[in-house]
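# A structural walkthrough
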Amino acid sequence: MPATFSRRRLEWLLLLLCISLSGGSPTDPVMTTQDASQSQVNPLTKVQARLNESSGPDPTTQDLKQPSKETMSNGSFVQSEILLPGASGTPLERIITLANATTVELSCKLDTNSHLKSPQVTWKRGNETISHTSKTESSWSIRLAVVDNSKMGSYSCILKGEEEISGVFHLQVPKIEARGKFVISYERDAAVLLCKSGATPMAWTWYMISGSKQIVINASLQADKYLIDRVSANVTHLRILKITKEDAGVYCCEATFELGKATLEIELKVLSIMAPLKPFLAVVAEVVILLTTIILYEVYSKRKEKCTVLIKENMSNKPEVDLRF
């Protein structure tokens, strides 16, 4: 009896020890391998589902379609209006800068206080007459799909009645700016020419103008002479190394946009190494001339004084001649 009780007590202790190590209870159901794998997969599946819901549809299951050029141009729209006064005179002008394809609407509106009634309206592109696309009682408009350089230029609206008034729209690509119209550098030094645009061009090109020809500067083929740096999308540098007198001249930077090109000329002036010394040499020359003049004057004065003394001495030592008969 005591042996059986001790054996049962030992079995219960072992069972309680196993339960405490497994973290369960005797009444917990047994977890199979399949159930364990499902319990590990399900939380991951839920997390992935939540990520998919927050990030939107999976891009790998959808067609990735980039917007076409026409879609981009149709999506942008530029509108400009000129309010025409009621008095004739210099036409009003407005500059519209375009870098990419877009749709433009130009409007001329007559001031309500104008005494010009029911005018005859004409639209022109340069000297070519075109028709307006829409009008109201005091406003006339044209709409242009500007997709290439052929649509750029000047458009004018002319109102004729008792008198004539007009407005002009200039469609142009962004202009190029520089630090100055010319750059001064010295022989054996390096010069940096800079061009900057208000918009981002598709490409930059540098030329050297020789007479009536434009010579393209290829920095990759002339790496020991030229270095072209694109500091940012709309800024470019041309660095000319080891300058000589032959490098002096006019350089041109060209920005290529979708709707055309813009150019700017910069003149490079090359000075001799002695150029900074010229003012100093001029001062030295003036000092030398002045000193030489003073020395010559002093020598001349001393000689003249010596001659005067000798003449006086000769006159005093000369015997008197009796001229009486």
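Anyway, here's the lowdown on the structure attached to this text. What you see is a predicted model; the values in this text were computed from it and never measured. (Residues numbered from 1 in each chain as written. Predicted model: local features only at pLDDT ≥ 70, side-chain atom pairs only at ≥ 80, totals over all residues. Heavy atoms only, no water.)

## So, the overall build of the protein
- Looking only at helices and strands, one finds four helices and 18 strands in the protein.
- The burial tally for the protein puts 26% of its 325 residues in the buried class.
- About 23,700 Å² of surface is accessible on the protein, with carbon and sulfur atoms providing 57% of the total. (Helix = DSSP H or I, 4+ residues; strand = E, 2+ residues; numbered from the N terminus. Buried < 20%, exposed > 50% of the residue type's maximum accessible area, 1.4 Å probe, protein only. Areas by Shrake-Rupley, 256 points an atom, 1.4 Å probe, with all protein chains shown as cover.)

## Points about the state of the cysteines
- Under the counting rule described, the total for this entry stands at two disulfides.
- Here Cys 108 is linked by a disulfide to Cys 157, with a sulfur-sulfur distance of 1.7 Å. Its S-S torsion of approximately -80° makes the covalent link between Cys 108 and Cys 157 left-handed. Separated by 49 residues along the polypeptide, Cys 108 in strand S3 (residues 102-110) and Cys 157 in strand S8 (residues 153-160) bring together distant segments of the chain.
- The partner cysteine of Cys 195 in its disulfide is Cys 253, sulfur to sulfur 1.9 Å. The disulfide joining Cys 195 to Cys 253 has a torsion of about -90° about its S-S bond and is therefore left-handed. In this pair, Cys 195 is assigned in strand S12 (residues 191-197) and Cys 253 in strand S17 (residues 249-257), connecting sequence segments 58 residues apart.
- With a relative accessible area of 0%, Cys 195 lands in the buried category. (Disulfide = S-S within 2.5 Å.)

## Side note on the sheet that holds strand S13 (residues 203-210)
- With respect to topology, five strands assemble into an open sheet ordered S11-S18-S17-S13-S14, the strand pairing being mixed. Each edge of the sheet is formed by a strand with only one pairing partner; in this case those strands are strand S11 (182-186) and strand S14 (213-216). Strand-to-strand twist of the sheet, defined as the mean angle between neighbouring strand axes without regard to direction, takes the value 35°.
- Bridging between S17 and strand S18 (residues 260-271) involves nine bridges; their strand directions are antiparallel. Residue pairing in the sheet places Ala 255 in a bridge with Ala 262 of S18. (Pairing = 2+ DSSP bridges. Axes fitted to C-alpha atoms, helices over the stretch in contact; angles between N-to-C directions.)

## Concerning the pattern of salt bridges
- Counting across every chain of the model gives three salt bridges.
- Here Glu 105 and Arg 143 are joined by a salt bridge, their closest N and O atoms 2.8 Å apart. Of the two residues, Glu 105 sits in strand S3 while Arg 143 sits in strand S7 (residues 139-146), which places them 38 residues apart along the sequence.
- Glu 105 sits in the buried class, given a relative accessible area of 13%. (Salt bridge = Lys/Arg side-chain N within 4 Å of Asp/Glu carboxyl O.)

## Some words on the sheet that holds strand S2 (residues 92-97)
- The strand order across the open sheet built from five strands is S2-S9-S8-S4-S5, with neighbouring strands paired in mixed fashion. Single-partner strands in this sheet number two, and they are S2 and strand S5 (128-130). When the angles between neighbouring strand axes are averaged without regard to direction, this sheet yields 25°.
- Pairing geometry for S2 and strand S9 (residues 164-172), over six bridges, is parallel. Bridge pairing in S9 links Ile 95 to His 170.

## A short note on unusual backbone geometry
- At Ser 118, a position not held by glycine, the phi torsion is positive, near 45°.
- In this fold, Ser 118 is placed in the loop between S3 and strand S4 (120-125).
- Taking the relative accessible area as the measure of exposure, Ser 118 reaches 75% and is therefore exposed.
- Within the chain, Lys 242 stands out as a residue other than glycine whose phi angle is a positive 50°.
- The topology assignment puts Lys 242 in the loop between strand S16 (235-240) and S17.

Functional significance is not addressed by these values, which are geometric in nature.
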